[in-house]
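# Results of the structural survey
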Amino acid sequence: MIAMGERAVTTRGARLLSVAASDLDGHIARVRALPWRGGVGRLIGDVQAAGLTGRGGAGEPTWRKLATVATTERPVVVANAAESEPASAKDVTLLSRCPHLVLDGLQLAVETVGATAVYLYVRPGPAARIARAALAERAARRWDLFPVRVVEAEESFAAGEEATVLARTTGRRTRPTRSVLRRGRTMGRPGPPDRATLVQNVETLAHLAQIAYHGPAWFRRLGTAAEPGTFLMTVSGMVARPGVYEVPVGIAGSALLDLAGPADDPVAAVLLGGFHGTWLPTATIAGRPLSRAGLEPLGARPGAGVLVAASAAQCGLAETAAIVHYLAAQRRPHCGPCRAGLPEIAARMTELAHGRGPDSHRLAGLVAGHGACRHLDGAANLVRSALDTFATEVRRHHGGECSCPG
Ligand SMILES: Cc1cc2nc3c(=O)[nH]c(=O)nc-3n(C[C@H](O)[C@H](O)[C@H](O)COP(=O)(O)O)c2cc1C
(Lines give C-alpha, C1' and ligand atoms only; values in the text may rest on other atoms or scores of the structure.)
Protein backbone atom coordinates (compact mmCIF):
# COMPACT_ATOMS: atom_id res chain seq x y z
CA MET A 1 0.00 0.00 0.00
CA ILE A 2 2.87 2.37 0.70
CA ALA A 3 4.69 1.71 -2.60
CA MET A 4 4.94 4.93 -4.54
CA GLY A 5 4.37 5.68 -8.19
CA GLU A 6 7.52 7.24 -9.61
CA ARG A 7 5.59 9.74 -11.65
CA ALA A 8 5.30 13.40 -10.86
CA VAL A 9 1.97 14.91 -11.71
CA THR A 10 2.09 18.55 -12.71
CA THR A 11 -1.29 19.96 -11.80
CA ARG A 12 -2.83 23.23 -12.90
CA GLY A 13 -1.19 26.15 -11.13
CA ALA A 14 1.99 24.14 -10.58
CA ARG A 15 5.04 26.32 -10.26
CA LEU A 16 7.99 24.17 -9.31
CA LEU A 17 7.26 21.15 -11.44
CA SER A 18 6.23 23.30 -14.41
CA VAL A 19 9.78 24.64 -14.81
CA ALA A 20 11.17 21.12 -15.19
CA ALA A 21 14.49 21.23 -17.05
CA SER A 22 17.41 18.97 -16.27
CA ASP A 23 19.96 21.04 -18.25
CA LEU A 24 21.12 24.54 -17.41
CA ASP A 25 20.22 26.08 -20.79
CA GLY A 26 16.70 24.73 -20.53
CA HIS A 27 16.45 26.06 -17.01
CA ILE A 28 17.71 29.53 -17.96
CA ALA A 29 15.28 29.62 -20.91
CA ARG A 30 12.42 28.96 -18.50
CA VAL A 31 13.32 31.28 -15.61
CA ARG A 32 14.79 33.99 -17.88
CA ALA A 33 16.59 35.78 -15.08
CA LEU A 34 19.75 35.61 -13.06
CA PRO A 35 18.62 35.25 -9.48
CA TRP A 36 21.69 36.52 -7.63
CA ARG A 37 20.94 39.57 -5.53
CA GLY A 38 24.50 40.56 -4.70
CA GLY A 39 24.83 40.67 -0.98
CA VAL A 40 24.18 39.25 2.42
CA GLY A 41 20.64 39.66 3.73
CA ARG A 42 18.97 41.19 0.67
CA LEU A 43 16.45 38.42 0.10
CA ILE A 44 15.30 38.07 3.70
CA GLY A 45 12.67 40.82 3.49
CA ASP A 46 11.18 39.30 0.34
CA VAL A 47 11.04 35.84 1.90
CA GLN A 48 9.33 37.34 4.96
CA ALA A 49 6.83 39.22 2.80
CA ALA A 50 6.17 36.04 0.82
CA GLY A 51 5.45 34.12 4.04
CA LEU A 52 7.44 31.06 2.95
CA THR A 53 7.42 28.25 5.49
CA GLY A 54 9.68 25.19 5.52
CA ARG A 55 8.50 22.23 3.46
CA GLY A 56 10.58 19.62 5.29
CA GLY A 57 7.94 18.89 7.93
CA ALA A 58 8.15 21.41 10.76
CA GLY A 59 6.83 24.40 8.77
CA GLU A 60 9.05 27.04 10.36
CA PRO A 61 9.13 30.53 8.81
CA THR A 62 12.09 30.47 6.45
CA TRP A 63 12.91 34.17 6.79
CA ARG A 64 13.45 33.79 10.53
CA LYS A 65 15.97 30.99 10.04
CA LEU A 66 17.77 33.00 7.37
CA ALA A 67 17.81 36.14 9.52
CA THR A 68 19.13 34.30 12.57
CA VAL A 69 21.90 32.52 10.71
CA ALA A 70 22.84 35.66 8.74
CA THR A 71 23.94 37.35 11.98
CA THR A 72 26.56 34.68 12.67
CA GLU A 73 30.19 34.32 11.61
CA ARG A 74 30.97 32.13 8.59
CA PRO A 75 27.86 29.93 8.80
CA VAL A 76 27.23 26.66 6.96
CA VAL A 77 24.24 25.84 4.73
CA VAL A 78 22.88 22.35 4.11
CA ALA A 79 20.22 21.54 1.49
CA ASN A 80 18.30 18.59 2.90
CA ALA A 81 17.25 16.03 0.26
CA ALA A 82 17.50 12.98 2.50
CA GLU A 83 13.80 12.25 2.02
CA SER A 84 13.92 9.66 4.74
CA GLU A 85 10.14 9.40 5.12
CA PRO A 86 9.26 6.18 3.25
CA ALA A 87 5.89 7.49 2.01
CA SER A 88 7.43 10.62 0.47
CA ALA A 89 8.85 10.96 -3.04
CA LYS A 90 8.64 14.72 -3.49
CA ASP A 91 12.28 15.70 -2.99
CA VAL A 92 13.66 13.01 -5.28
CA THR A 93 11.05 14.00 -7.88
CA LEU A 94 11.86 17.70 -7.55
CA LEU A 95 15.63 17.25 -7.72
CA SER A 96 15.33 14.88 -10.66
CA ARG A 97 13.03 17.17 -12.64
CA CYS A 98 14.28 20.63 -11.65
CA PRO A 99 17.80 20.30 -10.22
CA HIS A 100 18.80 23.84 -11.24
CA LEU A 101 15.80 25.38 -9.50
CA VAL A 102 16.88 23.74 -6.23
CA LEU A 103 20.53 24.65 -6.79
CA ASP A 104 19.63 28.29 -7.55
CA GLY A 105 17.72 28.36 -4.26
CA LEU A 106 20.71 26.89 -2.46
CA GLN A 107 23.07 29.51 -3.91
CA LEU A 108 20.63 32.25 -2.93
CA ALA A 109 20.40 30.96 0.65
CA VAL A 110 24.20 30.80 0.84
CA GLU A 111 24.54 34.34 -0.47
CA THR A 112 21.77 35.58 1.83
CA VAL A 113 23.37 34.31 5.04
CA GLY A 114 26.98 34.81 3.92
CA ALA A 115 27.85 31.13 4.29
CA THR A 116 31.33 29.82 3.67
CA ALA A 117 30.55 26.09 3.43
CA VAL A 118 27.73 24.49 1.48
CA TYR A 119 26.42 20.92 1.34
CA LEU A 120 23.79 19.07 -0.61
CA TYR A 121 22.74 16.14 1.57
CA VAL A 122 20.91 13.75 -0.70
CA ARG A 123 19.41 10.30 -0.73
CA PRO A 124 21.61 7.96 -2.80
CA GLY A 125 20.18 7.05 -6.21
CA PRO A 126 18.88 8.89 -9.28
CA ALA A 127 18.43 12.27 -7.56
CA ALA A 128 22.03 12.23 -6.32
CA ARG A 129 23.31 11.38 -9.81
CA ILE A 130 21.23 14.10 -11.46
CA ALA A 131 22.30 16.66 -8.84
CA ARG A 132 25.99 15.80 -9.34
CA ALA A 133 25.62 16.17 -13.12
CA ALA A 134 23.83 19.50 -12.68
CA LEU A 135 26.55 20.76 -10.33
CA ALA A 136 29.26 19.75 -12.81
CA GLU A 137 27.44 21.63 -15.56
CA ARG A 138 27.16 24.73 -13.40
CA ALA A 139 30.83 24.52 -12.41
CA ALA A 140 31.87 24.28 -16.07
CA ARG A 141 29.79 27.40 -16.84
CA ARG A 142 30.94 29.20 -13.65
CA TRP A 143 27.27 29.67 -12.82
CA ASP A 144 27.56 29.20 -9.07
CA LEU A 145 29.00 31.64 -6.57
CA PHE A 146 29.97 28.90 -4.09
CA PRO A 147 31.08 25.29 -4.61
CA VAL A 148 28.70 22.67 -3.22
CA ARG A 149 29.83 19.44 -1.57
CA VAL A 150 27.51 16.48 -2.12
CA VAL A 151 27.09 14.11 0.83
CA GLU A 152 24.94 11.01 0.49
CA ALA A 153 22.39 10.41 3.23
CA GLU A 154 22.33 7.23 5.22
CA GLU A 155 19.37 4.94 4.66
CA SER A 156 17.33 5.30 7.82
CA PHE A 157 14.12 6.95 8.96
CA ALA A 158 16.09 9.55 10.93
CA ALA A 159 18.49 10.32 8.08
CA GLY A 160 16.80 13.67 7.37
CA GLU A 161 16.46 14.81 10.98
CA GLU A 162 18.71 17.79 11.65
CA ALA A 163 20.98 16.11 14.19
CA THR A 164 21.73 13.29 11.73
CA VAL A 165 22.13 15.76 8.88
CA LEU A 166 24.70 17.74 10.88
CA ALA A 167 26.58 14.62 11.97
CA ARG A 168 26.84 13.36 8.38
CA THR A 169 27.73 16.65 6.73
CA THR A 170 29.73 18.69 9.21
CA GLY A 171 30.74 15.96 11.65
CA ARG A 172 28.99 17.69 14.54
CA ARG A 173 27.31 15.62 17.19
CA THR A 174 24.23 17.22 18.68
CA ARG A 175 21.26 15.85 20.51
CA PRO A 176 18.03 16.25 18.55
CA THR A 177 16.25 19.40 19.71
CA ARG A 178 13.55 21.60 18.29
CA SER A 179 15.74 24.65 17.75
CA VAL A 180 16.06 26.10 14.27
CA LEU A 181 19.59 27.29 14.71
CA ARG A 182 22.30 24.89 15.63
CA ARG A 183 25.57 25.87 17.14
CA GLY A 184 26.99 22.41 17.51
CA ARG A 185 30.61 21.95 18.43
CA THR A 186 32.75 20.36 15.77
CA MET A 187 33.82 17.03 17.17
CA GLY A 188 36.43 14.65 15.94
CA ARG A 189 37.91 16.85 13.26
CA PRO A 190 39.66 20.20 13.20
CA GLY A 191 37.61 23.22 12.31
CA PRO A 192 35.85 26.24 13.69
CA PRO A 193 34.00 25.08 16.77
CA ASP A 194 30.97 27.30 16.76
CA ARG A 195 29.51 27.84 13.32
CA ALA A 196 25.75 28.08 12.91
CA THR A 197 24.24 25.79 10.30
CA LEU A 198 21.13 26.48 8.26
CA VAL A 199 19.40 23.21 7.31
CA GLN A 200 16.76 23.78 4.68
CA ASN A 201 14.62 21.29 2.79
CA VAL A 202 15.20 21.29 -1.00
CA GLU A 203 11.57 22.12 -1.79
CA THR A 204 11.85 25.16 0.48
CA LEU A 205 14.94 26.23 -1.47
CA ALA A 206 13.14 25.84 -4.80
CA HIS A 207 10.34 28.12 -3.55
CA LEU A 208 12.96 30.58 -2.30
CA ALA A 209 14.45 30.72 -5.82
CA GLN A 210 11.03 31.44 -7.29
CA ILE A 211 10.46 34.25 -4.77
CA ALA A 212 13.77 35.73 -5.97
CA TYR A 213 12.68 35.45 -9.63
CA HIS A 214 9.08 36.60 -9.30
CA GLY A 215 8.70 38.45 -5.98
CA PRO A 216 6.59 37.93 -2.87
CA ALA A 217 3.28 39.18 -4.33
CA TRP A 218 3.48 36.55 -7.08
CA PHE A 219 4.25 33.88 -4.49
CA ARG A 220 1.19 34.84 -2.44
CA ARG A 221 -1.19 34.46 -5.38
CA LEU A 222 -1.66 30.81 -4.42
CA GLY A 223 -2.08 29.19 -1.03
CA THR A 224 -3.57 30.69 2.12
CA ALA A 225 -2.76 34.00 3.80
CA ALA A 226 -0.99 32.21 6.67
CA GLU A 227 0.68 29.58 4.48
CA PRO A 228 1.15 30.99 0.99
CA GLY A 229 2.35 29.21 -2.12
CA THR A 230 2.11 25.68 -3.43
CA PHE A 231 3.45 22.50 -1.91
CA LEU A 232 4.34 19.05 -3.14
CA MET A 233 2.12 16.22 -1.90
CA THR A 234 3.07 12.58 -2.38
CA VAL A 235 -0.15 10.63 -2.79
CA SER A 236 -0.01 6.83 -2.59
CA GLY A 237 -2.14 3.84 -1.68
CA MET A 238 -5.60 3.17 -3.04
CA VAL A 239 -5.85 5.86 -5.71
CA ALA A 240 -5.90 5.53 -9.49
CA ARG A 241 -2.91 7.83 -10.08
CA PRO A 242 -0.38 7.77 -7.25
CA GLY A 243 2.39 10.33 -7.59
CA VAL A 244 3.72 13.71 -6.55
CA TYR A 245 1.18 16.52 -6.96
CA GLU A 246 1.94 20.21 -6.75
CA VAL A 247 -1.10 21.92 -5.26
CA PRO A 248 -1.85 25.22 -3.49
CA VAL A 249 -1.46 25.03 0.28
CA GLY A 250 -5.00 24.76 1.68
CA ILE A 251 -6.47 22.67 -1.14
CA ALA A 252 -9.46 20.69 0.13
CA GLY A 253 -8.78 17.04 0.91
CA SER A 254 -11.49 15.95 -1.54
CA ALA A 255 -9.95 18.06 -4.33
CA LEU A 256 -6.59 16.36 -3.91
CA LEU A 257 -8.22 12.92 -3.84
CA ASP A 258 -10.14 13.83 -7.02
CA LEU A 259 -6.85 14.70 -8.75
CA ALA A 260 -5.41 11.32 -7.77
CA GLY A 261 -8.64 9.61 -8.88
CA PRO A 262 -10.57 6.81 -7.24
CA ALA A 263 -9.26 3.27 -7.39
CA ASP A 264 -11.75 0.37 -7.58
CA ASP A 265 -12.82 0.78 -3.96
CA PRO A 266 -13.58 4.20 -2.49
CA VAL A 267 -11.04 5.72 -0.11
CA ALA A 268 -12.26 5.17 3.45
CA ALA A 269 -9.39 6.68 5.43
CA VAL A 270 -6.17 8.58 4.81
CA LEU A 271 -2.87 8.69 6.60
CA LEU A 272 -1.70 12.30 6.61
CA GLY A 273 1.85 13.42 7.31
CA GLY A 274 3.67 10.11 6.87
CA PHE A 275 4.74 7.35 9.24
CA HIS A 276 4.67 9.71 12.23
CA GLY A 277 1.33 11.01 10.99
CA THR A 278 -2.37 10.66 11.69
CA TRP A 279 -5.11 8.43 10.28
CA LEU A 280 -8.38 10.23 9.59
CA PRO A 281 -11.64 9.12 7.98
CA THR A 282 -11.94 10.45 4.41
CA ALA A 283 -15.21 12.20 5.26
CA THR A 284 -13.40 14.18 7.95
CA ILE A 285 -10.80 15.64 5.59
CA ALA A 286 -13.03 16.03 2.51
CA GLY A 287 -13.87 19.70 3.09
CA ARG A 288 -10.78 20.50 5.15
CA PRO A 289 -8.00 22.72 3.88
CA LEU A 290 -4.77 20.72 3.68
CA SER A 291 -2.58 23.15 5.58
CA ARG A 292 -1.09 23.26 9.05
CA ALA A 293 -3.85 25.57 10.30
CA GLY A 294 -6.59 23.56 8.57
CA LEU A 295 -5.48 20.22 10.00
CA GLU A 296 -4.50 21.37 13.48
CA PRO A 297 -8.03 21.10 14.93
CA LEU A 298 -8.00 17.44 13.84
CA GLY A 299 -4.68 16.82 15.54
CA ALA A 300 -3.05 16.23 12.15
CA ARG A 301 -0.38 17.92 9.99
CA PRO A 302 0.59 17.74 6.35
CA GLY A 303 4.16 16.99 7.53
CA ALA A 304 6.40 16.84 4.49
CA GLY A 305 3.31 16.54 2.26
CA VAL A 306 2.26 12.91 2.51
CA LEU A 307 -1.15 11.32 1.97
CA VAL A 308 -1.65 7.54 1.95
CA ALA A 309 -5.15 6.41 0.95
CA ALA A 310 -6.74 3.25 2.38
CA SER A 311 -9.94 1.67 1.12
CA ALA A 312 -12.61 -0.09 3.16
CA ALA A 313 -11.32 -3.33 1.65
CA GLN A 314 -8.06 -2.95 3.54
CA CYS A 315 -7.41 -3.53 7.19
CA GLY A 316 -6.18 -0.23 8.61
CA LEU A 317 -4.97 -2.07 11.71
CA ALA A 318 -2.75 -4.38 9.68
CA GLU A 319 -1.39 -1.41 7.70
CA THR A 320 -0.62 0.39 10.95
CA ALA A 321 1.03 -2.67 12.48
CA ALA A 322 3.34 -2.93 9.45
CA ILE A 323 4.34 0.73 9.79
CA VAL A 324 4.94 0.46 13.54
CA HIS A 325 7.18 -2.56 12.98
CA TYR A 326 9.21 -0.51 10.53
CA LEU A 327 9.42 2.35 13.05
CA ALA A 328 10.47 -0.06 15.82
CA ALA A 329 13.27 -1.35 13.59
CA GLN A 330 14.35 2.28 13.05
CA ARG A 331 14.58 3.20 16.73
CA ARG A 332 17.73 4.86 17.94
CA PRO A 333 19.95 2.58 19.97
CA HIS A 334 20.90 5.36 22.41
CA CYS A 335 17.30 6.33 23.19
CA GLY A 336 15.98 4.55 26.30
CA PRO A 337 12.24 5.29 25.98
CA CYS A 338 12.31 4.40 22.31
CA ARG A 339 14.29 1.19 22.84
CA ALA A 340 11.97 -0.03 25.56
CA GLY A 341 8.65 1.30 24.26
CA LEU A 342 8.55 0.78 20.53
CA PRO A 343 8.94 -3.02 20.27
CA GLU A 344 6.20 -3.41 22.88
CA ILE A 345 3.82 -1.12 20.97
CA ALA A 346 4.65 -2.92 17.71
CA ALA A 347 3.97 -6.34 19.29
CA ARG A 348 0.64 -5.28 20.78
CA MET A 349 -0.42 -3.62 17.52
CA THR A 350 0.37 -6.83 15.62
CA GLU A 351 -1.67 -8.88 18.08
CA LEU A 352 -4.60 -6.56 17.56
CA ALA A 353 -4.20 -6.68 13.78
CA HIS A 354 -4.21 -10.49 13.90
CA GLY A 355 -7.35 -10.56 16.00
CA ARG A 356 -5.58 -12.14 18.95
CA GLY A 357 -5.44 -8.75 20.50
CA PRO A 358 -5.32 -8.04 24.13
CA ASP A 359 -7.73 -5.29 24.93
CA SER A 360 -7.08 -2.17 22.90
CA HIS A 361 -7.20 -0.15 26.14
CA ARG A 362 -3.86 -1.65 27.06
CA LEU A 363 -2.46 -0.53 23.74
CA ALA A 364 -4.02 2.90 24.18
CA GLY A 365 -2.37 3.08 27.60
CA LEU A 366 1.00 2.28 26.09
CA VAL A 367 0.73 5.10 23.58
CA ALA A 368 -0.74 7.76 25.87
CA GLY A 369 1.21 10.95 26.62
CA HIS A 370 4.86 10.34 25.83
CA GLY A 371 7.20 13.24 25.16
CA ALA A 372 10.62 11.88 25.91
CA CYS A 373 11.43 11.08 22.30
CA ARG A 374 10.02 12.41 19.05
CA HIS A 375 10.26 9.05 17.30
CA LEU A 376 8.28 7.31 20.04
CA ASP A 377 5.79 10.22 20.06
CA GLY A 378 5.32 9.88 16.30
CA ALA A 379 4.65 6.13 16.52
CA ALA A 380 2.30 6.63 19.48
CA ASN A 381 0.38 9.32 17.58
CA LEU A 382 0.00 6.99 14.61
CA VAL A 383 -1.37 4.15 16.77
CA ARG A 384 -3.73 6.43 18.70
CA SER A 385 -5.20 7.76 15.46
CA ALA A 386 -5.57 4.20 14.08
CA LEU A 387 -7.48 3.12 17.22
CA ASP A 388 -9.86 6.10 16.73
CA THR A 389 -10.26 5.98 12.97
CA PHE A 390 -10.59 2.20 12.76
CA ALA A 391 -12.65 1.87 15.99
CA THR A 392 -15.26 -0.30 14.28
CA GLU A 393 -12.52 -2.56 12.99
CA VAL A 394 -11.00 -2.78 16.46
CA ARG A 395 -14.33 -4.08 17.79
CA ARG A 396 -14.57 -6.63 14.98
CA HIS A 397 -11.03 -7.81 15.68
CA HIS A 398 -11.88 -8.22 19.34
CA GLY A 399 -14.70 -10.49 18.19
CA GLY A 400 -12.25 -12.49 16.07
CA GLU A 401 -13.38 -10.99 12.76
CA CYS A 402 -11.94 -8.64 10.16
CA SER A 403 -13.86 -6.59 7.58
CA CYS A 404 -11.30 -7.15 4.88
CA PRO A 405 -11.68 -10.03 2.49
CA GLY A 406 -8.84 -12.48 3.18
C1 LIG B 1 12.58 11.75 11.99
C2 LIG B 1 12.71 12.99 11.14
C3 LIG B 1 13.05 12.87 9.81
C4 LIG B 1 13.18 14.00 9.00
N5 LIG B 1 13.48 13.84 7.68
C6 LIG B 1 13.61 14.93 6.90
C7 LIG B 1 13.95 14.78 5.52
O8 LIG B 1 14.13 13.66 5.02
N9 LIG B 1 14.09 15.92 4.77
C10 LIG B 1 13.91 17.18 5.32
O11 LIG B 1 14.06 18.17 4.61
N12 LIG B 1 13.58 17.34 6.62
C13 LIG B 1 13.44 16.25 7.41
N14 LIG B 1 13.13 16.41 8.73
C15 LIG B 1 12.98 17.80 9.24
C16 LIG B 1 14.36 18.39 9.47
O17 LIG B 1 14.78 18.05 10.79
C18 LIG B 1 14.36 19.94 9.35
O19 LIG B 1 13.31 20.44 10.16
C20 LIG B 1 14.17 20.43 7.92
O21 LIG B 1 15.11 19.88 7.04
C22 LIG B 1 14.27 21.95 7.92
O23 LIG B 1 14.04 22.46 6.65
P24 LIG B 1 12.79 23.38 6.31
O25 LIG B 1 12.77 24.50 7.31
O26 LIG B 1 13.08 23.86 4.92
O27 LIG B 1 11.57 22.52 6.38
C28 LIG B 1 12.99 15.30 9.55
C29 LIG B 1 12.65 15.42 10.91
C30 LIG B 1 12.51 14.29 11.69
C31 LIG B 1 12.12 14.45 13.14
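Data block above holds the structure.
Let me begin by describing the structure that accompanies this report.

## Quick look at the overall build of the chain
Counting its regular elements, the chain contains 17 helices and 10 strands. If you take every contact in the chain between residues at least 6 apart in sequence, the share linking residues at least 24 apart comes to 71%.

## Here we look at the site of the ligand
Taken together, 21 residues form the shell around the ligand, and within it Gly54, Gly56, Gly160, Asn201 and Thr204 come nearest. No other element matches strand 5 (residues 197-201), which puts three residues into the shell around the ligand. A class-by-class count of the residues in the shell around the ligand yields five nonpolar, nine polar and seven charged.

## Quick word on the sheet that holds strand 1 (residues 8-9)
In sheet architecture, strand pairing relies on hydrogen bonds along the backbone and comes in two forms, parallel and antiparallel. Taken in spatial order, the six strands of this open sheet run 1-7-6-10-8-9, and their pairing is mixed. Of all strands in the sheet, those bounded by a partner on one side alone are strand 1 and strand 9 (278-281). In this sheet, strand 7 (residues 243-248) lies alongside strand 6 (residues 230-237) in antiparallel orientation, the contact comprising six bridges. Paired with Val235 across the two strands is Gly243, which belongs to strand 7.

## A few points about the environment of Val308
Within the fold, Val308 resides in strand 10 (residues 306-311). According to the C-beta neighbour criterion, Val308 is buried, with 27 such atoms within 10 Å. Residues Val308 and Leu272, spaced 36 residues apart in sequence, show a C-alpha to C-alpha distance of 6.7 Å.

## Examining helix 10 (residues 253-260)
For helix 10, the full list of buried residues reads Gly253, Leu256, Leu257 and Ala260. Taken around the axis of helix 10, the buried residues stretch over an arc of 100°, which confines them to a single face. In this structure, the buried side of helix 10 is in contact with strand 6, strand 7, strand 8 (267-272), helix 11 (282-286) and strand 10. Where helix 10 terminates, the next one or two residues include Gly261, which has phi positive at roughly 75°.

## As for the packing of helix 13 (residues 316-329) against helix 16 (residues 374-389)
Two elements in contact, helix 13 and helix 16, have axes whose closest approach is 10 Å; the angle formed by their N-to-C orientations is 175°. Considering their axes alone, helix 13 and helix 16 lie roughly antiparallel with respect to each other. Residues Gly316, Leu317, Thr320, Ile323, Val324 and Leu327 of helix 13 form the contact with helix 16, whose participating residues are His375, Ala379, Leu382, Val383, Ala386 and Thr389. For the contact of helix 13 with helix 16, the per-class residue count stands at eight nonpolar, four polar and no charged.

## A short note on the pairing of strand 5
When you tally the buried positions in strand 5, you get five out of five residues, the bulk of the element. The alternating pattern of strand 5 places Thr197, Val199 and Asn201 and Leu198 and Gln200 on opposite faces, both of which are buried. With five bridges joining them, strand 2 (residues 76-81) and strand 5 adopt parallel strand pairing. Each residue of the ladder has a partner; that of Val78, found in strand 5, is Val199.

## A closer look at the sheet that holds strand 2
Strand order in the open sheet formed by four strands is 4-3-2-5, and the pairing between neighbours is parallel. Each of the sheet's edge strands pairs with one partner strand only, and the pair in question is strand 4 (149-152) and strand 5. Between one strand and the next, the sheet's axes are offset by a mean angle of 25°, whatever the strand orientation. Contacts between helix 6 (residues 126-140) and the sheet are confined to strand 2, strand 3 (117-122) and strand 4, with strand 4 contributing the most and set at about 170° to the helix.

Cut-offs and rules
Residues numbered from 1 in each chain as written. Predicted model: local features only at pLDDT ≥ 70, side-chain atom pairs only at ≥ 80, totals over all residues. Helix = DSSP H or I, 4+ residues; strand = E, 2+ residues; numbered from the N terminus. Contact = placed C-beta atoms within 7 Å. Near = placed C-beta within 6 Å. Nonpolar A, V, L, I, M, F, W, Y, C, P; charged D, E, K, R; others polar. Pairing = 2+ DSSP bridges. Buried ≥ 20, exposed ≤ 12 C-beta atoms within 10 Å, placed from the backbone. Arc of directions from axis to C-beta. Axes fitted to C-alpha atoms, helices over the stretch in contact; angles between N-to-C directions. Parallel < 35°, antiparallel > 145°, perpendicular 65-115°, else oblique.

Just distances and angles here, no functional claims.
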